[in-house]
Structures are given as C-alpha cells and as structure tokens.
Amino acid sequence: GENVEQHPSTLSVQEGDSAVIKCTYSDSASNYFPWYKQELGKRPQLIIDIRSNVGEKKDQRIAVTLNKTAKHFSLHITETQPEDSAVYFCAASRNSGYALNFGKGTSLLVTP
Amino acid sequence: EAGVAQSPRYKIIEKRQSVAFWCNPISGHATLYWYQQILGQGPKLLIQFQNNGVVDDSQLPKDRFSAERLKGVDSTLKIQPAKLEDSAVYLCASSFSTAGGSYNSPLHFGNGTRLTVT
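The structure displayed is predicted, hence computed values, not measured ones. (Residues numbered from 1 in each chain as written. Chains lettered and ligands numbered in written order. Predicted model: local features only at pLDDT ≥ 70, side-chain atom pairs only at ≥ 80, totals over all residues. Heavy atoms only, no water.)

Novice: Residue-level account of the overall build of chain B, with values.
Specialist: What chain B contains, in helices and strands, is 0 helices and 11 strands. Listing every helix and strand of chain B by position from the N terminus yields β-β-β-β-β-β-β-β-β-β-β. Relative to the compact-globule value of 13 Å for 118 residues, chain B shows a C-alpha radius of gyration of 14 Å, a close match. Projected onto the principal axes, the alpha-carbon positions of chain B cover approximately 45 × 30 × 25 Å. The contacts of chain B with a sequence gap of at least 6 include a subset with a gap of at least 24, amounting to 54%. Of the charged side chains in chain B, 12 are positive and 9 negative, and the gap between their average positions amounts to 5 Å. (Helix = DSSP H or I, 4+ residues; strand = E, 2+ residues; numbered from the N terminus. Rg over C-alpha atoms; globule rule 2.2 N^0.38 Å. Contact = heavy atoms within 4.5 Å. Lys, Arg positive; Asp, Glu negative; His and termini not counted. Charge placed at Lys NZ, Arg CZ, Asp CG, Glu CD.)

Novice: With reference to specific residues and values, describe the nonpolar core.
Specialist: For soluble globular proteins, the rule of thumb is that nonpolar side chains tend to be buried together. Of all hydrophobic cores here, the largest spans 22 residues; its most connected members are Trp35, Phe73 and Leu75 of chain A. Elements represented by at least two residues in this core include exactly β3 (19–25), β4 (32–38), β5 (45–51), β7 (62–67), β8 (72–77), β9 (86–92) and β11 (106–111) of chain A. Setting aside anything within four residues of it in sequence, one finds phenylalanine 73 of chain A in contact with Ile21, Lys22, Cys23, Tyr25, Phe33, Trp35, Thr65, Leu66, Cys90 and Ala91 of chain A. Judged by nonpolar contacts, the second largest core, of 21 residues, contains Val4, Val19, Trp34 and Leu60 of chain B. (Core = buried A, V, L, I, M, F, W, Y, C linked by side-chain atoms within 4.5 Å. Buried < 20%, exposed > 50% of the residue type's maximum accessible area, 1.4 Å probe, protein only.)

Novice: Run through the sheet that holds strand β7 (residues 65–68) of chain B, naming residues and quoting values.
Specialist: Residues and elements named next belong to chain B. One open sheet accounts for 4 strands, arranged β1-β3-β8-β7; its pairing is antiparallel. The open sheet terminates on both sides in strands that have one partner only, identified here as β1 (5–7) and β7. The sheet shows a mean angle of 15° between the axes of neighbouring strands, direction not considered. (Pairing = 2+ DSSP bridges. Axes fitted to C-alpha atoms, helices over the stretch in contact; angles between N-to-C directions.)

Novice: Outline the interface of chain B and chain A, listing residues and values.
Specialist: Facing the 25 residues of chain B at the interface are 22 residues of chain A. Across the chain B/chain A interface, buried area totals approximately 1,800 Å², and carbon plus sulfur atoms make up 47% of it. Applying the counting criterion to the chain B and chain A interface returns 7 residue pairs in polar contact (both at pLDDT 80 or more). In terms of residue count, strand β4 (residues 31–37) of chain B provides more of the side of chain B that touches chain A than any other element does, 3 residues in total. For the side of chain B that touches chain A, the residue count by class is 11 nonpolar, 13 polar and 1 charged. (Buried area = accessible area lost by both parts, 1.4 Å probe. Polar contact = N/O pair within 3.5 Å; in protein donor to acceptor, adjacent residues only side chain to side chain. Nonpolar A, V, L, I, M, F, W, Y, C, P; charged D, E, K, R; others polar.)

Novice: Quick rundown of the sheet that holds β8 of chain A? Include the residues and the values.
Specialist: Residue and element names in this part refer to chain A. Spatial ordering of the open sheet is given by β1-β3-β8-β7-β6, a layout of 5 strands whose pairing is antiparallel. The open sheet terminates on both sides in strands that have one partner only, identified here as β1 (4–7) and β6 (56–59). Shown here is a sheet whose adjacent strand axes are inclined to one another by a mean of 15°, direction ignored. Of the strand pairs in this sheet, β3 and β8 are connected by 6 bridges, and their pairing is antiparallel. What sits directly across from isoleucine 21, in β8, is leucine 75.

Novice: Give me the pattern of salt bridges: which residues, what numbers.
Specialist: Residue and element names in this part refer to chain A. Considering all chains together, one arrives at 8 salt bridges over all chains under this definition. Of the charged contacts, one joins arginine 51 and aspartate 49 as a salt bridge, the two residues approaching to 3.8 Å between their closest N and O atoms. On the accessibility criterion, aspartate 49 (9% relative accessible area) is buried. Note that aspartate 84 is salt-bridged to arginine 61, the shortest N-O span being 2.9 Å. Of the two residues, aspartate 84 is situated in the loop between β8 and β9 and arginine 61 in the loop between β6 and β7; the sequence distance between them amounts to 23 residues. Assessed through its relative accessible area of 7%, aspartate 84 is described here as buried. We classify arginine 61 as partly exposed; its relative accessible area is 22%. The network of salt bridges with shared partners includes Lys37, Glu39 and Lys42. (Salt bridge = Lys/Arg side-chain N within 4 Å of Asp/Glu carboxyl O.)

Dropping the structure here:
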C-alpha cells in the first residue's frame, strides 16, 4: 500500500520567516495530495490540496508544489505568524473514493 | 453546514473492557472513515464505508474491533476487549467522494473521541 514519509518532524522558525515541509510517497497511482493543520486537541482541518495535473497551487501565504516524477510534494508557508503554530500532516490517495494515507506530521513552532 | 459529529468526546476504560464510539457524518456524504490517531502520529485508517458497505477494512484489527453503518448514515465503532495500545484519538471523517468517481472531495473530520485504556 501507499507509504507517505514526512519531514522534518519538528520545525521552529521565527515570526516572518518561511517554513517548508516535505513529503514523499510510494504509490505512483496517487493523484490527490492534501495538507491538514491540527491544533492541539482539535480536529485536522484541510488547508490546501493539489491534484496530479497541477504542479503548484497557492492560497495567500500557503503554497504547495508537486513533483510527480520524483514522487514528492511540499508545503510552503511564507511570512509565518504565531497562529501558524500547529502540527501539519501531508496525505496522499488515489482516485476518488480511496482513503487518505497520512504522514507522521510536522510540529511547527513560530516564535514571536 | 453542520460538521461531523462524534461522541463521546472522552472515554476512560480499563483493559479488557468494551467501548463504543458514535459518528454522524455531514448530510449527503456517502463515504465515512474511521481513523485511529496515536499520540504523535498521523491518522491511520481503520475502516472506510461507502453508504452502508465496507470499502476497505484491511487495517482493522478484526479480532477486537468492529464497525457498522447500517442505514448508510450514522456509524459506530466498537472495541472489545480493549488493550492498553488502543489508547488513541478515534477520528471519524466523511466526504462526498465515492469509489470510482472522478473527483476527490475533501475529508471533513470530527473532533474525535480520546480513549484512554488503563
């Protein structure tokens, strides 16, 4: 089955800096790659997703890039703010109806 | 739009006892998932339903875990008997996507049930 590797496991940046989280996947049939943010004690919430026919997607301070040949995708957060502090999970799945396979998460800490 | 509802929010039981969790997905969502999230790890799929049928239960420990979605809406997940390693947050999620469709719609998660087995 699909194996999603995520790194780093922890990331500390100063407010205003950029943060990058990287993921690799094993199943070449995967074509949907969402990112979830989970604050302490709360549910995972979708922040951005990308599909295999797109190489990059941006939403304000958040961007995701996808390299299908290398089977890796990355989350980029610019101008980080303390409220960006949370655990971020990448995930991958095949076509519609397949379950998401999650990475182990990255704990991001943004210090003022 | 109402979100995914789960109950209870917290549960503490002793090992070898049984426990059940309930989930009500977003109205109109055909697919329902149960994930197990152990502290410090990403969610791991236990079982996926489409309407009232099982799509994937390959990672469900069937000797102790069971789940049902009898009317294609609400779902229950049961553990009997519980072990210490079952301590985790059990997340229910739903999505509009169906198997064989052409579009992945996002998963919407509930707040989860935090289970502690002592």
